[in-house]
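Descriptive structure summary
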Amino acid sequence: MTTSFAPLQNDTFLRACLRQATDYTPLWLMRQAGRYLPEYKATRARAGSFMGLATNVDYATEVTLQPLERFPLDAAILFSDILTVPDAMGLGLSFAQGEGPRFAKTVRDEAAVNALAVPDMDKLRYVFDAVTSIRKALNGRVPLIGFSGSPWTLACYMVEGGGSDDYRLVKSLMYSRPDLMHRILAVNADAVAQYLNAQIDAGAQAVMVFDSWGGVLADGMFQQFSLEYTRRVLAQLKRTGVDGQEVPRIVFTKGGGIWLQDMKALDCEVLGLDWTANLGQARAIVGGQVGGPGKALQGNIDPNVLFAPPEMVAAQARAVLDSFGKPHTDRTTTGPTHIFNLGHGISQHTPPEHVAALVEAVHSHSRALRQA
């Protein structure tokens, strides 16, 4: 399928992903299209439900663009959910009002594991149609990020049947029947790879793997049951998009800062960090030198900073930029770069004007840092 899209007017985010020098530090926010915006709530009310919103191309396009109308963000991210893949596997996803996701069926025994298969991607056509629709609606304003949950994170929901406080069921299965856990993860990894490739074919210009629950694993278990399968996803991903441009791959493990040494060898361009990690230390471990290989870093302000007054938000944003340090400015080569983001998703209770203060502070201070 060849769709011609408008040329990109702001490629700052993509350049930073590829460790190329930029005039300022680009910024986008996890869950930027969402419940903290009154216009999102209005659209969701029209859609009737969360899945009604996510599965309707027009609504998904509308809410993806809403934050860009308010704030000069440097990327858009597809409005969807990480659990669309297990839903397509037939587990029956639903969202009760005010509660998290639930699956009608769980995967906890040999029979359920044996029944798992990579789903027919046609069942996820609504996601790929939304990607194309959003990319057209963006009209080259900023790049579009596609995403998926990681194999391990999806497995947590599939085994638990929803969110969890202690991950007792999924960890019990992992420790008592590692063979079954590996089977689930292998199917998930191949499904995620196909899913992301279809998003790339539909027009996604970067893709992100959300390993939201990798950080709940013990050392040693993380490497075997999360990192190994994220690696399996990355190995299968397409490297160029429909426009012939390179498609950067971002991996975000919440709580993963302690394993940067292990993640250094991942075949991806960008590593996302939560707020517990020190950006300067992360840069020293994986950021590389000017002219040499390395990873771009994404993150990592605490989302709860956004409840402080705007001047405090701005001060904290500057502190995050300062902790990364001066990004490289040599246009002729690659070097350490930073993409500003939250350390996890934005809270639904966040005042939008505080987000405006954050965006302004990041853009202005990061320009000043480069001049220093």
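See the structure printed just above.
Residues numbered from 1 in each chain as written. Predicted model: local features only at pLDDT ≥ 70, side-chain atom pairs only at ≥ 80, totals over all residues. Heavy atoms only, no water.

Considering the overall build of the protein
This is how the line gets drawn: Here a helix means four or more residues in a row that DSSP labels H or I, a strand means two or more in a row labelled E, and each is numbered from the N terminus. Radius of gyration: over C-alpha atoms. The globule rule applied is 2.2 Å multiplied by the number of residues raised to the 0.38 power. Relative accessibility decides the category of a residue: with a 1.4 Å probe and only protein chains considered, values under 20% of the type maximum give buried, values over 50% give exposed, and everything between is partly exposed. A contact between two residues is defined here by any heavy atoms of the two lying within 4.5 Å.
Regarding its fold elements, the protein presents 15 helices and nine strands. For a compact globule of 372 residues, the expected C-alpha radius of gyration is about 21 Å, and the protein comes in at 20 Å, within 12% of that figure. C-alpha extents for the protein along the principal axes are approximately 60 × 45 × 45 Å. Counting across all 372 residues of the protein, residues that qualify as buried make up 59%. Sequence-distant contacts, at least 24 apart, represent 77% of the contacts inside the protein between residues at least 6 apart.

Observations regarding the pairing of strand β9 (residues 338-342)
Within a regular beta strand, the side chains point alternately toward one face of the sheet and then the other, so they alternate between its two faces. Applicable threshold: Strand pairing is assigned whenever DSSP detects at least two bridges linking the two strands. Call a crossover right-handed when, viewed with both strands pointing away from you, the route from the first strand across the helix to the second goes clockwise.
Burial runs high along β9: five of the five residues are buried. Of the two faces of β9, the one carrying H338, F340 and L342 and the one carrying I339 and N341 are both buried. Where strand β8 (residues 296-301) meets β9, five bridges bridge the pair, whose relative direction is parallel. Residue Q298 lies in a different strand from β9, and its bridge partner there is I339. Between the parallel pair β8 and β9, the chain is carried across by helix α14 (residues 310-324), and the sense of this crossover is right-handed.

Re unusual backbone geometry
The linkage connecting G299 with the following residue, N300, adopts the cis geometry, with an omega of -10°. The topology assignment puts N300 in strand β8. Positioned with a positive phi, N139 is a non-glycine residue whose angle comes to about 55°. The partly exposed category is assigned to N139, whose relative accessible area is 47%. Of note, the phi angle at Y167 is positive, near 55°, even though the residue is not glycine. On the secondary structure map, Y167 appears in the loop between α8 (151-160) and α9 (168-176). By relative accessible area, Y167 is classed as buried at 7%.

Details of the sheet that holds strand β4 (residues 144-149)
Applicable threshold: For every element, the axis is a line fit to its C-alpha atoms; helices are fit only across the contacting stretch, and the angle between N-to-C directions ranges from 0 to 180 degrees.
Strand order in the open sheet formed by seven strands is β1-β4-β5-β6-β7-β8-β9, with parallel pairing between adjacent strands. Because the sheet does not close on itself, it has two edges, and the strands there are β1 (76-77) and β9. Judged from the two bridges that link them, β1 and β4 form a sheet pairing that is parallel. From the neighbouring strand, I77 faces β4, where its bridge partner is I145. Against the sheet, helix α10 (residues 178-202) touches β4 and β5 (206-211), its axis set at about 165° to β4. Sheet strands touched by helix α13 (residues 279-287): β7 (270-272), β8 and β9. Its angle to β8, the strand with the most contacts, is close to 165°.

Side note on the environment of R331
Formally: In protein, a polar contact means a hydrogen-donor-capable atom and an acceptor-capable atom, both N or O and within 3.5 Å, with residues adjacent in sequence counting only if both atoms are side-chain atoms; elsewhere, any N or O pair within 3.5 Å suffices.
For R331, the position within the fold is in the loop between α14 and β9. Apart from the residues lying within four places of it in its own chain, the contact partners of R331 are R15, A21, T22 and D23. One polar contact links R331 to D23, side chain to side chain, over a distance of 2.5 Å.

Let's talk about the pairing of β4
Within β4, six of the six residues are buried, which leaves the element mostly enclosed by the surrounding structure. Side chains L144, G146 and S148 of β4 all project onto a buried face; the interleaved residues I145, F147 and G149 project onto the opposite face, where all are buried too.

Description of the nonpolar core
Operational definition: Take the buried Ala, Val, Leu, Ile, Met, Phe, Trp, Tyr and Cys residues and link them wherever side-chain atoms come within 4.5 Å; each set so joined is a nonpolar core.
Grouped together as the largest cluster of nonpolar side chains are 132 residues, with contacts concentrated most on F13 and L358. When residues in this core are grouped by element, the largest group, 15 residues, is from α10. The contacts of L358, once residues within four sequence positions are left out, are L27, L29, I301, L306, V313, A317, F340 and L342.

Some remarks on the pattern of salt bridges
Counted only if it meets this: What makes a salt bridge here is a side-chain nitrogen of Lys or Arg within 4 Å of a carboxyl oxygen of Asp or Glu, nothing more.
Counting across every chain of the model gives 16 salt bridges. Among the salt bridges present, the one from R231 reaches E228, with a minimum N-O distance of 2.8 Å. Of the two residues, R231 and E228 are both situated in helix α11 (residues 221-236); the distance of three residues between them amounts to about one turn of the helix. Given the relative accessible area of 37%, E228 is considered partly exposed. With its nearest N and O atoms 2.9 Å apart, the salt bridge here joins E269 to R249. Taken together, the positions of E269 in the loop between α12 (260-263) and β7 and R249 in strand β6 (residues 249-253) put the pair 20 residues apart, joining distant regions of the chain. The buried category is assigned to E269, whose relative accessible area is 13%.

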